[in-house]
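Commentary on secondary and tertiary structure
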Amino acid sequence: MGRAGRRLPALAALFYGALAALALLGVRDVLFLYEENRCSMTYMYEYPEYLKIKLPKKTAKRYPAYELYLYGEGNYAEENKNLLLTGIPVLFLPGNAGSYKQVRSLGSIALRKAEDVDFKYHFNFFSVNFNEELVALYGGSLQQQTKFVHECIKVILKLYRDREFAPTSVAIVGHSMGGLVARALLTLKNFKPELINLLITQATPHVAPVMPLDKYLTDFYTAVNNHWILKAQDLRNLTTLSVAGGFRDYQVRSGLAFLPRLSQHDSALSVVSSAVPRAWASTDHLSIVWCKELILATVRAFFDLIDEKTRQITEDPKKRMSVLNHHFVRHPAKIFEENPEAFTELTGAFIWITVKASKWTYSLYNDSDGKYFTFPLASHRKSYSHVYCENSMLDTSSWIYGCVNSNSSMCLEATDLSWRAELLPTTKVVILKLQDYPSLSHIVIQVPPTVGNKYTLDCEFFKEDSRTVQLPVTHLFSFGLSSSKILLNSTGLLYNVQLQHFNQIYQAFKIYIESHCQSLKERKPSVYRLHIPWSHEDSIIVAKVPSFTEISAKLHIAQPENDSRIPELNIYSSSDCQYEVILKTSLLQVLGQIIRFHAGSLPVYIVSNILLTYGGQLSTLISTGQCSDFSLELVRTAKPYKVEPLISIVVFLQGFNWFREIWQSLSLPEVDAAVLSSRDAWFPLVSLILFLFGTGIAYWSGVFFSTSLRLFSSLWLTLIRPTVPQKDKLITPRRLCGVLSLALVSWTTCGAFAVFIIYLQYLFKVIKLHVNVRAEQKMLNGDSDHSKETSQNSSIHTVKNQSSMDSISEATQSLSNSTIAEAVNSLKMHVTILNLFTWIVLLNLPSLIYWLKNLRYNVRLDPDPCRSTAIIIVCILEILMNSSTSEVKSSKLLKIAAKVPLPLSVAMLAFGRMHLYKIVCSSLRHVESGAPGSIYSVGCERIGKGCSFPTRRKMETSR
């Protein structure tokens, strides 16, 4: 039994260490294991300047922390100092802790582009200074920022009053939370929607907050998204583009950056930067504002959006969407044209050559003669279903045409099929389904004269079935031990590998592609594209041939229920090469996906485990009179089967109308798991996995916390001699004044500040208790040794004296042991409570940081998410610091308090995953459920002077 008892803590430490390690592996995958940064830095050719725009006195007084700036460089900045603006206004809104100076990349490249067109058109970039507020963590200022932006738009439009081409609207670019603030403008009662015609957001979490730390943040999101859903038809004149950063952005996962599905309409578009043509790069949360490839796409789109008549951004929503699709979704390697001509004349002194082969390759270098290669379609329609052509010349000219009903070898008029092309990193490609073009008689490839340029053209006819291969993905629980494999003996230029059953966010795979070629001649690189058909989140990799390439396959958005399309791996191959494709489940990336999608919920699971442990300690105190250690009690009581089944049952029953009606009649909110399931961000085992992760983290955080207390107490004993505390009443005038002072601090300044002060005071008390317990244990051990030594020396004189001394020593040691045991029990309880309140303080920390940052503008944080709860916490912790275990045991409410943590843990997991601020409320409800005697327990004041056992001085006197 003893050996088994010793093994249990070691096995528990090993098991929970493994759980914590798995969670850390997931964190490592999210934070460090992503593609390299393929973005180029943007540079300013002249020194950037920011001209502060004078705001109306009323606006400046109402928003003293906010400012509006106009960006400029060199002579352009000097010319604009008189604010005689003639350009197109664009307003940049920074995000969480963002700077107004982040506009410089957009402003500088747009200025260079304007110089290229001799300032026929140009843009004026304005930027708002939000004082780098932490609005992603504190939502109290979001409404204030929204109203200030409204005032800025009014000021900007007034600057163009009486101009020849005065704008009537403003384009907005919002980074991170700035994009959400821009969307929130439409919720203001006095805001006119026509003031905005274009909104581009960069890495903005549209769906939900990354960390829902206060009610103001979640309410703001609810108001914005509900308005966009209910008023979707009224927003058709506003064109919205949301650009996500991809897997490099670990702060805002790309799934959150896609506009909510119900609010999407014909004028809304969501893309991931890795799928943006000519960028093809994932960006982190900050680099998305300076990534040169992405900024170039944005600026090109801005200039293509200009209406030549008004010299402002076009008012035509269809044209705006066409431009955005051209630059951000599918680029045909041509300059944008709103209405391209239906037919084109094929003129010039070109040589006409007829090609009847089903596969054709043509390479040229310094060719002075232009050529037209014609491919008759009549002979190929019966044998083939598609034609595929690629061109390594990445210019913007037309190169492929379709002849209509031409019986001769020449075609003077043709339809331009170059608009059907798609630009890839090393080539531009066209795939035509012959059935869709029944009127075409020939395909014509134009090869213009070239000087100093070397490029290759390839065409082939093929059957779709011959180039489509199905590859079932491996099971999630294969853990990479099994694999799916196919071998492609390439005789063609294109293969589509369908990844069957790849449709959930928790799936993650490693795809290995090894290419072998028959000859060693130089070949064009292969292009591998992971194509996700239901969202614009493709990723593209260019690989040399031959080579061994590794591709990560995982999703930002799960497959919608009504979508049956299959993800594909498109291989743009080299002919006469062999490609071996191997797919394996990646356990590390599966863990990364769990952390990426649900890391924000981990504090809920950690606190839930601590609450269950606390309840177990109270139950043990009732049954045995002793308080068990945190780690041992966590092993015994923190079990997922106590909380998970009930939540699963409720989620299942909510699928029935009768239960949903009963639930709504009780005014209960919807269970968070059901909401996440509706967003395709949930799966059955994720809650169990997160609970186990939370248990592992809670276990080792408890070990770390206890170890830290020992270190602090050791340092205290080394530097300061422990004092003998006095026994005192639970409530004294001094303590009452302290509580009232902190309550006043909470009400007049910041609630989190008062919580932090009382927490430090509590931490100081617990460290002091730890010091005194260790000091008394050392003293007791020393006195026991001294008593034995004295009794041995006195045995040579008299047996009576020895018996008397032994009885005194035993009585003293018995009393001391019982009192110290009570203090140790109290210390164990305090460590658990302090551990619990540590998480509460951490969750309230953002509002404290926000208050400190804005202290020069306002002493009082308004609104304050924890003003009222701070007063409760102050009162509770003051009582906790001055209670004793004897009062806990004698409390009539102890049995009730011991049963409260379980239902609170269930409620916390049911309603706190998407509302982290509810953790504080749930924890306080449990502590409030007991009487003052059961708001547990110090015992520090019971050690030493004023206690019922003899102190060292009394013992020495008795000797």
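Note that this is a predicted model, so its numbers are computed, not measured.

Cut-offs applied
Residues numbered from 1 in each chain as written. Predicted model: local features only at pLDDT ≥ 70, side-chain atom pairs only at ≥ 80, totals over all residues. Heavy atoms only, no water. Helix = DSSP H or I, 4+ residues; strand = E, 2+ residues; numbered from the N terminus. Buried < 20%, exposed > 50% of the residue type's maximum accessible area, 1.4 Å probe, protein only. Contact = heavy atoms within 4.5 Å. Expected span 1.5 Å × (residues − 1). Polar contact = N/O pair within 3.5 Å; in protein donor to acceptor, adjacent residues only side chain to side chain. Phe/Tyr/Trp six-rings, centres within 6.5 Å; stacked < 30°, edge-to-face > 60°. Lys NZ or Arg CZ within 6 Å of the ring centre and 35° of its normal. Disulfide = S-S within 2.5 Å. Salt bridge = Lys/Arg side-chain N within 4 Å of Asp/Glu carboxyl O. Patch = residues over 30% accessible without salt bridge, like charges linked within 9 Å, V, L, I, M, F, W, Y side chains within 5 Å. Areas by Shrake-Rupley, 256 points an atom, 1.4 Å probe, with all protein chains shown as cover. pLDDT = per-residue confidence, 0-100. Axes fitted to C-alpha atoms, helices over the stretch in contact; angles between N-to-C directions. Parallel < 35°, antiparallel > 145°, perpendicular 65-115°, else oblique. Left-handed = near helix turned anticlockwise from the far one by under 90°. Nonpolar A, V, L, I, M, F, W, Y, C, P; charged D, E, K, R; others polar. Pairing = 2+ DSSP bridges. Right-handed = clockwise from strand over helix to strand, strands pointing away.

Remarks on the overall build of the protein
The helix and strand inventory of the protein stands at 26 helices and 30 strands. Counting across all 959 residues of the protein, residues that qualify as buried make up 56%. Considering only intrachain contacts with a sequence separation of at least 6, the fraction spanning at least 24 residues in the protein is 81%.

A word on helix α9 (residues 292–304)
In this model α9 runs 18 Å from its N-terminal to its C-terminal C-alpha over 13 residues, within 8% of the 18 Å that 1.5 Å per residue would give. Every buried residue of α9 is listed here: Glu293, Leu294, Ile295, Ala297, Thr298, Val299, Ala301, Phe302 and Phe303.

Quick word on the side chain of asparagine 825
With respect to the helices, strands and loops of the structure, asparagine 825 is situated in helix α20 (residues 799–853). The exposure class of asparagine 825 is buried, given its relative accessible area of 5%. Looking at asparagine 825, its side chain comes within polar contact range of the side chain of glutamine 626, at 2.7 Å.

Details of the packing of aromatic side chains
Applying the stated criterion across every chain yields a total of 35 aromatic pairs. Both rings, one in phenylalanine 123 and one in phenylalanine 125, keep their centres 6.3 Å apart while their planes meet at 45°; by these two values the pair is tilted. A ring pair is formed by tyrosine 699 and tryptophan 700, whose centres lie 5.5 Å apart and whose planes are at 75°; its orientation type is edge-to-face. Among the aromatic residues, those joined into a ring-pair cluster are Phe652, Phe656, Trp658, Phe659, Trp663 and Phe911. The cationic tip of arginine 183 hangs over the ring face of tryptophan 228; the distance from NZ or CZ to the ring centre is 4.5 Å. The positively charged end of arginine 467 is found above the aromatic ring belonging to tyrosine 495, 5.6 Å away from the centroid.

A closer look at the state of the cysteines
Following the criterion strictly, the structure yields four disulfides and no others. Between cysteine 403 and cysteine 411 runs a disulfide, and the two sulfur atoms are separated by 2.0 Å. Between cysteine 403 and cysteine 411, the disulfide has an S-S torsion of -130° and is therefore left-handed. For the pair shown, cysteine 403 and cysteine 411 are each scored as buried. Sulfur-sulfur distance for the disulfide between cysteine 517 and cysteine 577 comes to 2.1 Å. Negative torsions about the S-S bond denote left-handed disulfides, and the value of about 100° found for cysteine 517 with cysteine 577 makes this one right-handed. With a gap of 60 residues between them, cysteine 517 in strand β25 (residues 508–517) and cysteine 577 in strand β30 (residues 577–585) connect regions that are remote in the sequence. Each of the two residues, cysteine 517 as well as cysteine 577, counts as buried. When the bonded cysteines of the protein are counted from the start of the sequence, the pairing works out to 1-2, 3-6, 4-5, 7-8.

Some words on the pattern of salt bridges
Evaluated as defined, the whole model comprises 21 salt bridges. Lysine 154 serves as the salt-bridge partner of glutamate 151, at 3.7 Å between the closest nitrogen and oxygen. Highlighted residues: glutamate 151 and lysine 154, both in helix α5 (residues 142–159), separated by three residues, approximately one helical turn. Lysine 215 serves as the salt-bridge partner of aspartate 219, at 2.8 Å between the closest nitrogen and oxygen. Placement of the pair is aspartate 219 and lysine 215 together in helix α7 (residues 215–230), with a separation of four residues, close to one helical turn. A residue is classified by how much of its surface remains accessible, and lysine 215, at 46% relative accessible area, is partly exposed. Here the salt bridges share partners, and the residues they tie into one network are Glu46, Glu73, Arg112 and Glu115.

Re a nonpolar patch on the surface
A contiguous nonpolar patch, built from Phe477, Phe479, Leu481, Leu587, Leu685 and Leu688 and spanning about 580 Å² of accessible area, is present on the exposed surface. Following the sequence through the fold, leucine 688 ends up in helix α17 (residues 686–719). Residue class for leucine 688 comes out partly exposed when judged on its relative accessible area of 34%.

A look at unusual backbone geometry
The residue after valine 545, namely proline 546, is reached through a cis peptide bond having omega 0°. Considering the arrangement of structural elements, one finds proline 546 in the loop between β27 (539–543) and β28 (548–554). Cis geometry marks the peptide bond from aspartate 862 to proline 863; its omega dihedral reads 0°. With respect to the element layout, proline 863 can be found in the loop between α20 and α21 (867–880). For aspartate 118, which is not glycine, the phi dihedral falls at a positive 55°.

Points about the confidence of the model for the protein
With 89% of its residues at a pLDDT of 70 or more, the protein shows a mean pLDDT of 86. Taken as a whole, residues 794–805 scores under 50 in pLDDT and shows five contacts with residues more than four places along the chain or in a different chain. Per-residue pLDDT stays below 50 along residues 930–959; that stretch engages in 96 contacts with residues further than four places along the chain or on separate chains.

Thoughts on the packing of helix α13 (residues 630–637) against α17
Direction vectors running N to C along α13 and α17 enclose 165°, while the axes themselves pass 9 Å from each other. Here α13 lies roughly antiparallel to α17, going by the angle between them. Crossing geometry of α13 relative to α17 is assigned as right-handed. From α13, Phe630, Ser631, Leu634 and Val635 reach across to α17, where they touch Thr695, Ala698, Tyr699, Gly702 and Val703. Tallied by class, the residues present in the contact of α13 with α17 amount to six nonpolar, three polar and no charged.

Considering the sheet that holds β25
Overall, antiparallel pairing links the four strands, which are arranged β23-β30-β25-β28 in an open sheet. The open sheet has two edge strands, β23 (483–489) and β28, and neither has a second partner. Looking at each pair of strands side by side, their axes are set apart by 20° on average, direction ignored. In this structure, β23 lies alongside β30, joined through seven bridges in antiparallel fashion. Looking across to β30, one finds that serine 484 is bridged to leucine 583.

Here we look at the sheet that holds strand β21 (residues 454–462)
Taken together, the five strands give an open sheet; going across it, the order is β13-β21-β15-β19-β18, and neighbouring strands pair in antiparallel fashion. The sheet is open, and its two edges are formed by β13 (359–365) and β18 (422–423), each paired on a single side. Two elements, strand β15 (residues 386–391) and β21, share six bridges in a ladder whose sense is antiparallel. Within β21, the position partnered with histidine 386 by the bridge is phenylalanine 462.

Structural notes on the pairing of strand β4 (residues 123–129)
Most of β4 sits out of view: seven of its seven residues are buried. Side chains Phe123, Phe125, Ser127 and Asn129 project from β4 onto one buried face, and the interleaved Asn124, Phe126 and Val128 project onto a second face that is buried too. The sheet contact formed by strand β2 (residues 67–73) and β4 spans four bridges and is antiparallel. Its bridge partner being in β4, tyrosine 69 is matched across the sheet by serine 127. Looking at chain direction, strand β3 (residues 88–93) and β4 are connected through five bridges and run parallel. Bridge pairing in β4 places proline 89 opposite asparagine 124. The parallel pair β3 and β4 is bridged by helix α4 (residues 104–116), and the resulting crossover is right-handed.

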